[in-house]
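Close look at the chain arrangement
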Amino acid sequence: MHGEISVDSEYGSGSVFNVTIPQHINDNTPIGSICDVLGSTAERKKRTVWFTAPDAYILIVDDIEMNLKVLKGLLAPSGMHVDTAGSGSECLKMTASRKYDLIFMDHMMPGMDGIETFNHMSPNAPVIMLTANAVTGSREFYIKCGFADYLSKPVDEEDLKNMCLKFLPSSLIIKGSENAVTLNT
């Protein structure tokens, strides 16, 4: 595309990538303001939550810190209490000391993987397998292993919401447009 890519990187501080792609203007006719298309900045920052569950306790188990942050962020608008564990052994300690309403478990973790961790648990909640293993038959495999369901990575926000609505006790969910919460993010 006849562009340029450059990087400025400092170990431990981060990296800045610059990508320049030449563009040509074919038509100078105005198409409108970006705010007309996307709404104002304030409107774009608002997010409608389709349910809240402020009394629900969720555990996310994954050895990748970024995955924990992303999932926790996606669940934040629901008001649920979200705990995270970075390993199978940490999960076992946490589930022994607290009752969770729903658990999301990564499959491929060092040490005990998600299936081994699940087999050592006395689950007090539905456990959903989180995995990038999205081949045909994966869902059936994980359900046969005893998991309540399966959610593929990267996690789609709508799929995550639907999984919560499917498995959280209905008594914990405040649902519907009349109870929707608008949050600034």
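This text follows the structure it describes.
First things first, this report covers the structure right here in the doc. (Residues numbered from 1 in each chain as written. Predicted model: local features only at pLDDT ≥ 70, side-chain atom pairs only at ≥ 80, totals over all residues. Heavy atoms only, no water.)

1. Focus: the nonpolar core
Residues Ile58, Met80, Phe104 and Leu168 are the most contacted members of the largest nonpolar core, which totals 22 residues. At four residues, the largest contribution of residues to this core is made by helix α7 (residues 157-167). Core analysis: the next-biggest nonpolar cluster, separate from the first, contains 18 residues, Val61, Cys91, Met109 and Met129 among them. (Core = buried A, V, L, I, M, F, W, Y, C linked by side-chain atoms within 4.5 Å. Buried < 20%, exposed > 50% of the residue type's maximum accessible area, 1.4 Å probe, protein only. Helix = DSSP H or I, 4+ residues; strand = E, 2+ residues; numbered from the N terminus.)

2. Quick notes on unusual backbone geometry
With an omega dihedral of -5 degrees, the bond running from Lys153 to Pro154 counts as a cis peptide bond. Summarising the element assignment, Pro154 is placed in the loop between β9 (149-152) and α7. Phi is positive for His2, close to 65 degrees, though the residue is something other than glycine. For His2, a relative accessible area of 79% gives the class exposed.

3. Details of the packing of aromatic side chains
Evaluated as defined, the whole model comprises four aromatic pairs. Residues Tyr142 and Tyr150 carry aromatic rings whose centres are separated by 5.6 Å and whose planes lie at 15 degrees to one another, so their mutual orientation is stacked. (Phe/Tyr/Trp six-rings, centres within 6.5 Å; stacked < 30°, edge-to-face > 60°.)

Such coordinate-based values are descriptive only and should not be taken to indicate function.
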